[in-house]
Amino acid sequence: MSQCPVKILELSKERFNQSGYALVDVSDINRCIGCTFCAIICPDSVIKVIKNG
Ligand code: SF4
């Protein structure tokens, strides 16, 4: 997904919701910089970014 500045979000090739849309997978959570762009652009407001530590 182009909105993620570190390119760790991708549409799943194996997981889909009940409407048939691909879910989003995170390839490497340790590279997340916590910018919240993914949460801001999510049309269904289902992404929540939480800072650990
Ligand atoms: S919060 Fe993390 S996963 Fe979401 S867009 Fe920013 S870097 Fe990517």
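Everything numeric in this text was worked out from a predicted model, so none of it was measured. (Residues numbered from 1 in each chain as written. Predicted model: local features only at pLDDT ≥ 70, side-chain atom pairs only at ≥ 80, totals over all residues. Heavy atoms only, no water.)

Caption draft 1: A nonpolar patch on the surface, seen in detail. Together, Met1, Leu11, Val24, Phe37, Ile40 and Ile41 give the surface a local cluster of nonpolar side chains, amounting to about 540 Å² of exposed area. Element by element, the count of residues in the nonpolar patch is highest for helix 1 (residues 37–41), at 3 residues. Relative to the helices and strands, Met1 is located in the segment before strand 1 (9–16). (Patch = residues over 30% accessible without salt bridge, like charges linked within 9 Å, V, L, I, M, F, W, Y side chains within 5 Å. Areas by Shrake-Rupley, 256 points an atom, 1.4 Å probe, with all protein chains shown as cover. Salt bridge = Lys/Arg side-chain N within 4 Å of Asp/Glu carboxyl O. Helix = DSSP H or I, 4+ residues; strand = E, 2+ residues; numbered from the N terminus.)

Caption draft 2: Molecular detail of the pattern of salt bridges. Overall, the coordinates contain 1 salt bridge when judged by the stated rule. A salt bridge links Asp25 to Arg15; its shortest N-O distance comes to 2.6 Å. Of the two residues, Asp25 sits in strand 2 (residues 22–26) while Arg15 sits in strand 1, which places them 10 residues apart along the sequence. A relative accessible area of 38% means that Arg15 is categorised as partly exposed. (Buried < 20%, exposed > 50% of the residue type's maximum accessible area, 1.4 Å probe, protein only.)

Caption draft 3: Highlighting the pairing of strand 1. Alignment of strand 1 against strand 2, held across 4 bridges, turns out to be antiparallel. Counted as the bridge partner of Phe16 is Ala22 from strand 2. Counting the residues that bridge the hairpin from strand 1 to strand 2 gives 5 residues, and of these Gly20 lies at a positive phi of roughly 95°. (Pairing = 2+ DSSP bridges.)

Caption draft 4: Region of interest: the side chain of Ser12. Relative to the assigned elements, Ser12 resides in strand 1. Within the local environment of Ser12, its side chain forms a polar contact with the side chain of Asp25, the two groups lying 3.3 Å apart. (Polar contact = N/O pair within 3.5 Å; in protein donor to acceptor, adjacent residues only side chain to side chain.)

Caption draft 5: Main features of the confidence of the model for the protein. Chain-level pLDDT for the protein is 92 on average; 100% of the residues reach the 70-or-more range. Least confident of the elements in the protein is strand 2, whose mean pLDDT is 92; most confident is strand 1, at 95. (pLDDT = per-residue confidence, 0-100.)

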